[in-house]
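# Secondary and tertiary structure notes
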Amino acid sequence: MTFVIASPCVDVKDKACIEECPVDCIHEGERMLYIHPDECTDCGACEPVCPVEAIFFEDDTPQEQRHFNTVNAEFFSDLGTAGGAWKLGPIGRDHPIVAQLPPLGDVASPIASKP
Ligand code: SF4
Ligand code: SF4
């Protein structure tokens, strides 16, 4: 099991979660961040700091966001286990499902707009 980042992060990417991760397993893509499933220790430190509630424990990902469990895992399929995001630096691409999304920066997320 692992934590995953879902669609509310797309085009937000404020990186608050990175500051909290004790094992540096949150990697920066072009439009969102991704959690490495083999490096995440399930500590949960990142989840409460996300301002748009984009981070979920894998089993708790909402049904309409469930494909992001696969999106996070597949993002790393050709990167292997890096042993820390700092070693790879920003990865200038996204999972194809994310790359094809329309720009979301001006769209108010129902999750983001919650008080
Ligand atoms: S805190 Fe949330 S919105 Fe910010 S980069 Fe992390 S997952 Fe994305
Ligand atoms: S659950 Fe812990 S180890 Fe996993 S990404 Fe979040 S802060 Fe990092």
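Here's a quick rundown of the structure. Note that the structure is a prediction, hence the values are computed from the model and not measured.

### Describing the overall build of the protein chain
Within the protein chain, the regular secondary structure consists of 4 helices and 4 strands. Scanning the protein chain from its N terminus toward the C terminus, one meets helices and strands in the order β-α-β-β-β-α-α-α. In terms of its C-alpha atoms, the protein chain occupies a principal-axis envelope of roughly 35 × 30 × 25 Å. Evaluated residue by residue, the protein chain yields a buried proportion of 41% over its 115 residues. Taking as baseline every contact in the protein chain between residues at least 6 positions apart, the subset at least 24 positions apart corresponds to 70%. Taken as a whole, the protein chain presents about 6200 Å² of accessible surface, with 54% of it coming from carbon and sulfur. Charge centroids of the protein chain, computed over 7 positive and 20 negative side chains, lie 4 Å from each other.

### Quick look at the site of ligand 1
The immediate surroundings of ligand 1 are formed by 13 residues, with Cys9, Asp14, Lys15, Cys17 and Cys50 found nearest. Residue composition of the shell around ligand 1, grouped by class: 10 nonpolar, no polar and 3 charged.

### Describing the side chain of glutamine 65
The topology assignment puts glutamine 65 in the loop between β4 (55–57) and α2 (67–75). Assessed through its relative accessible area of 12%, glutamine 65 is described here as buried. A distance of 2.8 Å separates the side chain of glutamine 65 from the side chain of serine 7, its partner in a polar contact. Ignoring anything within four residues of it in the chain, the contact list for glutamine 65 reads Ala6, Ser7 and Pro8.

Rules and cut-offs
Residues numbered from 1 in each chain as written. Chains lettered and ligands numbered in written order. Predicted model: local features only at pLDDT ≥ 70, side-chain atom pairs only at ≥ 80, totals over all residues. Heavy atoms only, no water. Helix = DSSP H or I, 4+ residues; strand = E, 2+ residues; numbered from the N terminus. Buried < 20%, exposed > 50% of the residue type's maximum accessible area, 1.4 Å probe, protein only. Contact = heavy atoms within 4.5 Å. Areas by Shrake-Rupley, 256 points an atom, 1.4 Å probe, with all protein chains shown as cover. Lys, Arg positive; Asp, Glu negative; His and termini not counted. Charge placed at Lys NZ, Arg CZ, Asp CG, Glu CD. Near = heavy atom within 4 Å. Nonpolar A, V, L, I, M, F, W, Y, C, P; charged D, E, K, R; others polar. Polar contact = N/O pair within 3.5 Å; in protein donor to acceptor, adjacent residues only side chain to side chain.

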